[in-house]
Each structure stands twice: as C-alpha cells, then as structure tokens.
Amino acid sequence: MMEYDIQIFSLTKKFGNITAVDNLEIQVKKNTIFGLVGPDGAGKTTTMRMLCSLLVPDSGTAQIGSYNILKENEKIKQDIGYMPQRFSLYGDLTVLENLEFYSEVYQISKKERKEKIESLLEFSNLTKHSYKLADQLSGGMKQKLALSCNLIHTPKYLLLDEPTIGVDPVARREFWKILFELREQGTTIFVSTPYMDEAERCDEVGLMNKGRIVKKDIPSNIINNFDKHILCVYSDENHIARNLALEEKYVMDAYMLGEGLHIVVDDLDYASEKLREKFNNKIIVSSIKETAPSLEDVFVNIIKSEKR
Ligand SMILES: Nc1ncnc2c1ncn2[C@@H]1O[C@H](COP(=O)(O)OP(=O)(O)OP(=O)(O)O)[C@@H](O)[C@H]1O
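Overview of the structure. Being a predicted model, the structure only gives us computed values, none of them experimental.

Analysis parameters
- Residues numbered from 1 in each chain as written.
- Predicted model: local features only at pLDDT ≥ 70, side-chain atom pairs only at ≥ 80, totals over all residues.
- Pairing = 2+ DSSP bridges.
- Helix = DSSP H or I, 4+ residues; strand = E, 2+ residues; numbered from the N terminus.
- Near = placed C-beta within 6 Å.
- Nonpolar A, V, L, I, M, F, W, Y, C, P; charged D, E, K, R; others polar.
- Axes fitted to C-alpha atoms, helices over the stretch in contact; angles between N-to-C directions.
- Contact = placed C-beta atoms within 7 Å.
- Parallel < 35°, antiparallel > 145°, perpendicular 65-115°, else oblique.
- Left-handed = near helix turned anticlockwise from the far one by under 90°.

### A look at the sheet that holds strand 2 (residues 18–29)
Thinking step 1. Read from one edge to the other, the open sheet built from four strands follows the order 2-1-4-5, with strand pairing classed as antiparallel. At either end of the open sheet lies a strand with only one pairing partner, and these are strand 2 and strand 5 (67–68).
Thinking step 2. Bridge count between strand 1 (residues 4–15) and strand 4 (residues 59–64): five bridges; the pairing is antiparallel. Within the sheet, the bridge partner assigned to Phe9 lies in strand 4 and is Thr61.

Set out below in structure tokens:
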C-alpha cells in the first residue's frame, strides 16, 4: 500500500515573469494533516488550484491517491473537497438549502442525501441553525457550513485554503476539532493557514516562500532544531528597545511578537549582558530573559534570512 496520499513532483506555474510555484516537491502521508504556511503571494493558492485540476501546471505533476492531476482530472474532482478562500455560500438560502444545493451539484442520490445532510449538520454542530439564512450565521458557523458543503460527497482528500481566516480563536479551535475528527475517519487534509497556532496542530508543516518549500517537518522538530536563542524584552518603549538592539552587531534580528520584543542572538549570556548595559538609562526594562522559540520565531527568521 502506498504510504502517501498526495505527492507533488517538480510542480511549476508561471504568470508572466512571476514564478508562482517553483519546482515544488511535497509528500503528504495518508491520514495526516499537512499545513502550508507562508507570506502573501508565496504560491499557496496556486498550488491548491493545480492540485484540484482547476489550473494546469507549466511543468511537473502531482498524484492524489491513485490519480494523476494531469491525466485523471475529472476523477480527482469526485474524491476531493476543495474549499477556496472565498467559498461561495448562498446567503439568501438557509443552512439546509445550501447543503441541498451542493448535494445537487455533486449529484448525491435523493436516498443518500437526507441522511448525509443530517449527519453533517450534527457533525458540525449546525443542526439547531439549519433554518437560518447563511448570511445570518457568525463567521465561524459560515466556515463550518462551507466545510460541510465540501464534505457532502465524502471526499477522501480535503484541500482547504485558509479556511479560518478572520474567524475568532474559539470558533477556529472548534473548526480544527472537526478536522481532527475527519482525519480519524481517514481523510487526508492539505490546509493553508496564516495562523501559527494552527500550523502547530498539523502533523507536518511546510513553510512556502517564493514558490518553494523552504522548511518542512513536524512542528516540534522545526522548533527544536532552531539553532539560535531568543531574548524576550518587556520595556516601556519597545520600539526604542528594538532600534537600540538592531544597532548591535551580535543581534541578528529584533521584532515584536505578542506583547514582547524578541531579539535573536547566538551567544545568550554575552548578548543579554551587553543589551542590559545598552538599555540602561535609556528605557525602563521590566524584564529581559530567554524565551523558547515558537514556530513563528523560526519562520520569521527563515523568511528574513532568505531576503538577505
Ligand atoms: N491568475 C494570476 N495571474 C497573474 N498572477 C497571479 C495569478 N494568480 C496568482 N498570481 C501571482 O502568483 C503569486 C502567488 O500567488 P498565490 O495566490 O498562489 O499566493 P498565496 O501564497 O496563496 O498568497 P495569499 O495568501 O495572499 O493568497 C503572486 O505573486 C500572485 O500575484
């Protein structure tokens, strides 16, 4: 039996002189969640559109299950659920009517339809909202309905393009609970996300930049293999602290993350002593100490070092 459900081989797509996807190679194991993260314009959407045969690559190919995206594009569509960034729900139709509409699109037989819709409503906690108009749902509920519409034909592979963008953290967590359940049921999920807490929940995560994967591993490995130290500074004037830090040769980078200023260094003891001296009399520092790197720290550093 094949170990991988999604295999991408040297996939490339150009738009004029922009190489949106550049010789991309990714393998996604069966029954796992693969997370794609990266700055705007990295090529995530273009990759997904090629994977579900909505866009023809310039070169390279991909295999989804036993299907090749170039040769069996119609068959692939039956096995894939693809939720684009702007998935269209019909706002003036109810939750139930939206699901009925998509059952029609996917030609689900009348017999199967009722049962499938009921189970999806249940699954996504929308049963008691089924007579609400889609327009009247909260952002989180809209996304759950959109996901349900994409599950109506019981796809084996799910491609989700930033499915929780703009959704509040509690609703995002609930959305991810559904993804975990789908994984339990045997679905392989390829999801892009701008949120690092979501990236950390994936079995494997790929950082994409300028059309290429620049880092790919299980999230804990990415964090543990980071070979620099992070000093976290809390002060009354974080932007001044940042500018002062950036003047120093031994400081590789400094940026705000959450409430604190993160300063990237090689030699922790040397840097913290030097920085204390530098900040002294200029700003009030309430704390300066090492903090464990997060996935976001690692990614910020990789993307910045690529720019340099
Ligand atoms: N149809 C198109 N015509 C021309 N250029 C395009 C087209 N689609 C994408 N691009 C360009 O290709 C690059 C990759 O875009 P893509 O949308 O795949 O990135 P992304 O990582 O999904 O970013 P975002 O998170 O902002 O959607 C960008 O430079 C974009 O401007």
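So much for the structure itself; the text now carries on.
### Things to note about the site of the ligand
Thinking step 1. If you check the shell around the ligand, you find Phe15, Ile18, Ala20, Gly38, Asp40, Gly41, Ala42, Gly43, Lys44, Thr45 and Thr46 and nothing else.
Thinking step 2. When residues of the shell around the ligand are traced back to their parent elements, those giving at least two are strand 2 and helix 1 (44–51).
Thinking step 3. The leading source of residues in the shell around the ligand is helix 1, at three residues.
Thinking step 4. Of the residues contributing to the shell around the ligand, the split by class is four nonpolar, five polar and two charged.

### So, the sheet that holds strand 11 (residues 229–235)
Thinking step 1. Taken in spatial order, the four strands make up an open sheet running 12-13-11-14, and their pairing is antiparallel. If you trace the sheet from one side to the other, it starts and ends with strand 12 (251–257) and strand 14 (285–291), each paired once. Neighbour to neighbour, the strand axes of the sheet diverge by 20° on average, direction disregarded.
Thinking step 2. Across six bridges, strand 11 lies against strand 14 in antiparallel orientation. Looking at the pairing, Leu231 lines up with Glu290 of strand 14.
Thinking step 3. Each of strand 11, strand 12, strand 13 (260–265) and strand 14 is contacted by helix 10 (residues 268–279), which is oriented at about 165° to strand 14, the strand it contacts most.
Thinking step 4. Here helix 11 (residues 295–307) sits on the sheet and contacts strand 11, strand 12 and strand 13; the angle it forms with strand 12, its principal contact strand, is near 130°.

### A word on unusual backbone geometry
Thinking step 1. The phi torsion at Gln107 lies on the positive side, around 55°, for a residue other than glycine.
Thinking step 2. Here Gln107 is to be found in the loop between helix 3 (95–105) and helix 4 (110–123).
Thinking step 3. Unlike most non-glycine residues, Asn125 shows phi in positive territory, near 60°.
Thinking step 4. Take Asn125: it is sitting in the loop between helix 4 and helix 5 (139–149).

### With respect to the packing of helix 5 against helix 6 (residues 169–184)
Relative orientation and spacing of two packed helices are given, respectively, by the angle between their axes and the distance between those axes.
Thinking step 1. Their axes nearest at 9 Å, the elements helix 5 and helix 6 cross at an angle of 20°. Compared by their axis directions, helix 5 and helix 6 come out roughly parallel. Between helix 5 and helix 6 lies a crossing whose hand is right-handed. Taken together, the residues of helix 6 that come into contact with helix 5 (itself represented by Gly139, Gly140, Gln143, Lys144 and Leu147) are Ala171, Glu174, Phe175 and Ile178.
Thinking step 2. Across the contact of helix 5 with helix 6, the residue classes tally to four nonpolar, three polar and two charged.

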